[in-house]
Amino acid sequence: MSMNRPDETTLHAWVDGELAPERAAEVAQWLSAHPDEAARVAALQAQCAGLRALQAQVLDEPVPPRLRHALRRPPLQWRWPHALAAGVMLGLGLGLGYGLGGREPGALPAQADALARLPVFVREAAAAHAVYVPEQRHPVEVAAQQQAHLVQWLSKRLGVRLKVPVLDAQGFHLVGGRLLPGEAGQARAQFMYQDPAGERVTLYVSVLSREDAAAEAPVAFQWTGDGSARGFYWIDGHQGYAVSAALPRERLHALAEAIYRQLG
């Protein structure tokens, strides 16, 4: 069942990272299916980021002892990696020009429009990456030890024969994968990889309609980020792929190429 439109209080709480993880993920999913609202919320996030940047030096200073008693609040561990990190797809994660230096006042609407023009599956991929990569206990539904079952299950749900790329030569091992909801209830698949340093990469796989594939298909890899969650995406036939990670562009491009070769 589709989620009703969140009210303004909920949307602002999502921007500020004040929602519980489950609710934040629901809002992120709703935004991924409503590009106009996503663009508006992206502008709000960019404005908040700009305000934080103006006082970055002060925010990084140690809290004076006389003020520490005012900070006796519940731990924030769940708030940043889940609620606000889910907003990476709309703010810094996709890196669509939401840099804070040297921006003209009229730049935000154009940047929000650029976000809205991204294929839906790319926005979904960024949201899923931001929500699940920070997870320590449940980053995947099915672990790599059950890879055969994972591939069979996800292939059946997506209606296509899936293949899991091997990235050992690039220094990443498979953690596992999960089933995710996409636009109009369509099934999506996410595979997660990790290197010895704990850096994680996700591969998001979607099956597109004939019309969407024809309208959105890029000829080559498309780069979608300069922020903390960078990515490449492409469409091959009726399948859309998005690779996301907080890695340098060159390294992420090498991973995307390795994935593309194996899936091809």
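Residues numbered from 1 in each chain as written. Predicted model: local features only at pLDDT ≥ 70, side-chain atom pairs only at ≥ 80, totals over all residues. Heavy atoms only, no water.

I'd like a description of the sheet that holds strand β4 (residues 200-207), backed by residues and values.
If you trace the 7 strands from one edge of the open sheet to the other, you get β1-β2-β3-β4-β7-β6-β5, paired in antiparallel fashion. Two strands bound the open sheet, and with one partner strand each, they are β1 (142-143) and β5 (222-223). Both strand β3 (residues 187-194) and β4 contribute to a ladder of 7 bridges, which runs antiparallel. Bridged to alanine 189 within β4 is valine 205. Contacting β1, β2 (173-181), β3 and β4, helix α8 (residues 147-158) crosses the sheet at an angle of about 25 degrees to β2. (Pairing = 2+ DSSP bridges. Helix = DSSP H or I, 4+ residues; strand = E, 2+ residues; numbered from the N terminus. Contact = heavy atoms within 4.5 Å. Axes fitted to C-alpha atoms, helices over the stretch in contact; angles between N-to-C directions.)

An account of the pattern of salt bridges is needed here, citing residue identities and associated values.
Tallying each qualifying case throughout the model produces 5 salt bridges. The residue glutamate 26 makes a salt bridge to arginine 23 at a minimum N-O spacing of 3.2 Å. Remark: arginine 23 and glutamate 26 occur in helix α2 (residues 21-32); sequence separation between them is 3 residues, near one turn of the helix. What makes arginine 23 partly exposed here is its relative accessible area of 31%. Across the pair glutamate 124 and arginine 188 runs a salt bridge, and its minimum N-O distance is 2.9 Å. Within this pair, whereas glutamate 124 is found in helix α7 (residues 120-132), its partner arginine 188 is found in strand β3, the two being separated by 64 residues in sequence. Take glutamate 124: its relative accessible area is 3%, and that puts it in the buried class. One salt-bridge network, held together by shared partners, links Arg5, Glu8 and Glu37. (Salt bridge = Lys/Arg side-chain N within 4 Å of Asp/Glu carboxyl O. Buried < 20%, exposed > 50% of the residue type's maximum accessible area, 1.4 Å probe, protein only.)

Read these as geometric descriptors, not functional statements.
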